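The chain contents come next:
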Amino acid sequence: MKKLYIDFDGVILDTIKVTYPMLKKLNISPKDEEALDFYYNLDWDHIIKQTPEINDSINCIKKIIKSNLFEVKVLTHIISYNEGLGKIRYLKSRVPELEVILVPKEINKCDIVNPKDAILIDDFLGNLDLWHKHGGIAVKFSDNGKKSKYITITKLDQILDIESVKEV
Ligand SMILES: [Mg+2]
């Protein structure tokens, strides 16, 4: 079975949509060093509770698992222990059979798992470029359908309709 890794932030939950306005209120730019402190100290259980799902992501993941076409895992960058806990608690409560791999922010996703012939669905081009460079299949997630150089999907279950990724 083909390995399929799914990013969390910006693909499963729209955490940016909730945290960016909080940063703005504090007068911190997302690129500032202070933003790292902000994310480090965040109460992720609380944040996740108020964060909207993106395009029915959880049901889509259940559908993908049911298809038996892919070995599905979540592959997500984390800044803090608390962030990892929050994400695991959230995912395990909704899709208990789903495996979750936490990647420290300083390490590339393609250095934690072997990308060769595996699919990564991610909204961040930096992750996809590295994945592609190391022999993986990069799939861009874009909730607004903006085109990119990689196969682009706007809803996770669309991966079931892309023949080219199933055959590789
Ligand atoms: Mg992301």
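Now for a look at the structure at hand. (Residues numbered from 1 in each chain as written. Predicted model: local features only at pLDDT ≥ 70, side-chain atom pairs only at ≥ 80, totals over all residues. Heavy atoms only, no water.)

### Here we look at the coordination of the magnesium ion
Okay, so step 1: For the magnesium ion, the full set of protein donor atoms is Asp7 (OD), Asp9 (O) and Asp123 (OD), and the range of their distances to it is 2.1 to 2.2 Å.
Okay, so step 2: In terms of primary sequence, the donors binding the magnesium ion are separated according to D-x1-D-x113-D. Here Asp123 lies in the loop between β4 (119-122) and α7 (125-133) and Asp7 lies in the loop between β1 (2-6) and α1 (15-25), a separation of 116 residues in the sequence.
Okay, so step 3: We classify Asp123 as partly exposed; its relative accessible area is 28%. (Donors = N, O, S within 2.8 Å, 3.2 Å for Na, K, Ca; no water. Helix = DSSP H or I, 4+ residues; strand = E, 2+ residues; numbered from the N terminus. Buried < 20%, exposed > 50% of the residue type's maximum accessible area, 1.4 Å probe, protein only.)

### Concerning the pattern of salt bridges
Once the charged atoms of two side chains with opposite charge are near each other, the side chains can pair.
Okay, so step 1: This structure, assessed with the given rule, holds twelve salt bridges.
Okay, so step 2: Here Lys73 ties to Glu99 by a salt bridge, and the two come within 3.5 Å at their closest N and O atoms. Taken together, the residues Lys73 in strand β2 (residues 70-78) and Glu99 in strand β3 (residues 99-104) connect sequence positions 26 residues apart.
Okay, so step 3: On the basis of relative accessible area, Glu99 is assigned to the partly exposed category, the value being 43%.
Okay, so step 4: One salt-bridge network, in which partners are shared between bridges, spans Asp7, Lys109 and Asp122. (Salt bridge = Lys/Arg side-chain N within 4 Å of Asp/Glu carboxyl O.)

### Digging into the packing of α1 against helix α2 (residues 33-40)
Okay, so step 1: Across the interface, α1 lies against α2 with an axial gap of 11 Å and an inter-helix angle of 125°. Relative to α2, α1 is oriented oblique. In this structure, α1 crosses over α2, and the sense of that crossing is right-handed. Along its contact with α1, which presents Thr19, Tyr20, Met22 and Leu23, the element α2 presents Ala35, Phe38 and Tyr39.
Okay, so step 2: Here the contact of α1 with α2 is composed, by residue class, of six nonpolar, one polar and no charged. (Axes fitted to C-alpha atoms, helices over the stretch in contact; angles between N-to-C directions. Parallel < 35°, antiparallel > 145°, perpendicular 65-115°, else oblique. Left-handed = near helix turned anticlockwise from the far one by under 90°. Contact = heavy atoms within 4.5 Å. Nonpolar A, V, L, I, M, F, W, Y, C, P; charged D, E, K, R; others polar.)

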